[in-house]
Amino acid sequence: MTTETDPRWQAVITRDAAADGGFVYAVKTTGVYCRPSCPARTAKPANVTFFATGGEAAAAGYRPCLRCRPDEAPRAEREAAIIARACRLIETAETLPTLETLATALGLSPFHLHRQFKAVTGVTPKAYGMAARMRRMREELAAKETSITAAIYEAGFASNSRFYETSNEALGMTPTRYRRGGEGTAIRFAVGECSLGSILVAASSKGVCAITLGDDPDVLTRDLQDRFPKADIIGGDADFEAMVAKVVGFVEAPALGLDLPLDVRGTAFQQRVWDALRTIPAGQTVSYAAIAQRIGAPKAVRAVAQACGANAIAVAIPCHRVVRHDGALSGYRWGVARKRALLAKEGVR
């Protein structure tokens, strides 16, 4: 078999990072061996020899390339490990560390850290820190013996005012009501039936906060009650049932469109993903990678998929229009069969 007919040669020509770790190639004229994704100028095939491992290439007298470093973990893994360290530093710090402090601890420049952090996680270090503090705040509020003021400071907020600037958006209510399981918060809901099974629509004073699908209306109702065990869950509202009818109409005939005020609660990254989902026209699908590109975080494909899975407002935030890069449907919070049916109604085959 010649080099040109060896399937590994195509991976070298295309610099296929997916092939890294599967083999290395050595170049006689330079005396080095490289990983398939090496960015160096492509060698002439007559000068290339393939080896299963770097050890075999070294035993044959070749040295590792200083550019692609084939004996180290792939660059993407090294970057991910660095950002994982940054996340741990942010999460364990008593106060939110500055970008300069983080960069110094990781041995990077602030500019490079900021760019790399956003590429991997989809958010800036500051936004990640805010989300981490809010998560700690929810944990502190769950501890009944801790006062709200103490919880604010334990979570890393420097003052009450800094917390209250973002608390309503992140918690969906005041911290007092959150601690009480939504006590005093009114959530209206109604359950209907459609071709996909049972459908529940719920709304706060801000807008629709849940559209869920399932086989059993009682299960859907219990799930809503579990989210806010002490909220005023109000059903049987004739006016609100008209909203459910509107949602059902959209499910059955997507061309009608659906324009509802939404009460969207999530992290900054999740909200960016959900905003991007709402721009996908009915009858079209995009890949998780394409959504990651749209929000300016091309490496955060997995995080995009997780944000789609966390979406609690079906059809209005159309996560069913996101598929794998090869067109496969992948998962769906309410079942792949429903995802397939929704797309079929929109004319996607």
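Of all 7 residues in strand β7 (residues 208-214), 7 are buried, a share of seventy percent or more. Here 6 bridges tie strand β6 (residues 197-203) to β7, and the two strands are oriented antiparallel to one another. Each residue of the ladder has a partner; that of leucine 200, found in β7, is threonine 212. The turn joining β6 and β7, which pair antiparallel and follow one another in sequence, is formed by 4 residues; a positive phi near 155° is taken by glycine 207.

One open sheet holds the 4 strands; their spatial order is β7-β6-β5-β8, and the pairing between them is mixed. Looking along the sheet, the strands with just one partner apiece sit at the ends: β7 and β8 (232-234). On average, each strand axis in the sheet is tilted by 20° relative to the strand beside it, whichever way the strands run. With 7 bridges connecting them, strand β5 (residues 186-194) and β6 associate as antiparallel partners. Residue pairing across strands places alanine 190 opposite valine 201, the latter belonging to β6. Set on the sheet, helix α11 (residues 238-252) makes contact with β5, β6 and β7; between it and β5 the angle comes to about 40°.

In this section: the nonpolar core. Grouped together as the largest cluster of nonpolar side chains are 55 residues, with contacts concentrated most on Ile211, Phe269, Val273, Leu277, Ile291 and Val304. Broken down by element, this core gets its largest block of residues, 6 residues, from α11. Counting residues in hydrophobic clusters, the runner-up holds 15 residues, among them Tyr25, Val32, Cys38 and Phe50.

Cut-off values and rules
- Residues numbered from 1 in each chain as written.
- Predicted model: local features only at pLDDT ≥ 70, side-chain atom pairs only at ≥ 80, totals over all residues.
- Heavy atoms only, no water.
- Buried < 20%, exposed > 50% of the residue type's maximum accessible area, 1.4 Å probe, protein only.
- Helix = DSSP H or I, 4+ residues; strand = E, 2+ residues; numbered from the N terminus.
- Pairing = 2+ DSSP bridges.
- Axes fitted to C-alpha atoms, helices over the stretch in contact; angles between N-to-C directions.
- Contact = heavy atoms within 4.5 Å.
- Core = buried A, V, L, I, M, F, W, Y, C linked by side-chain atoms within 4.5 Å.

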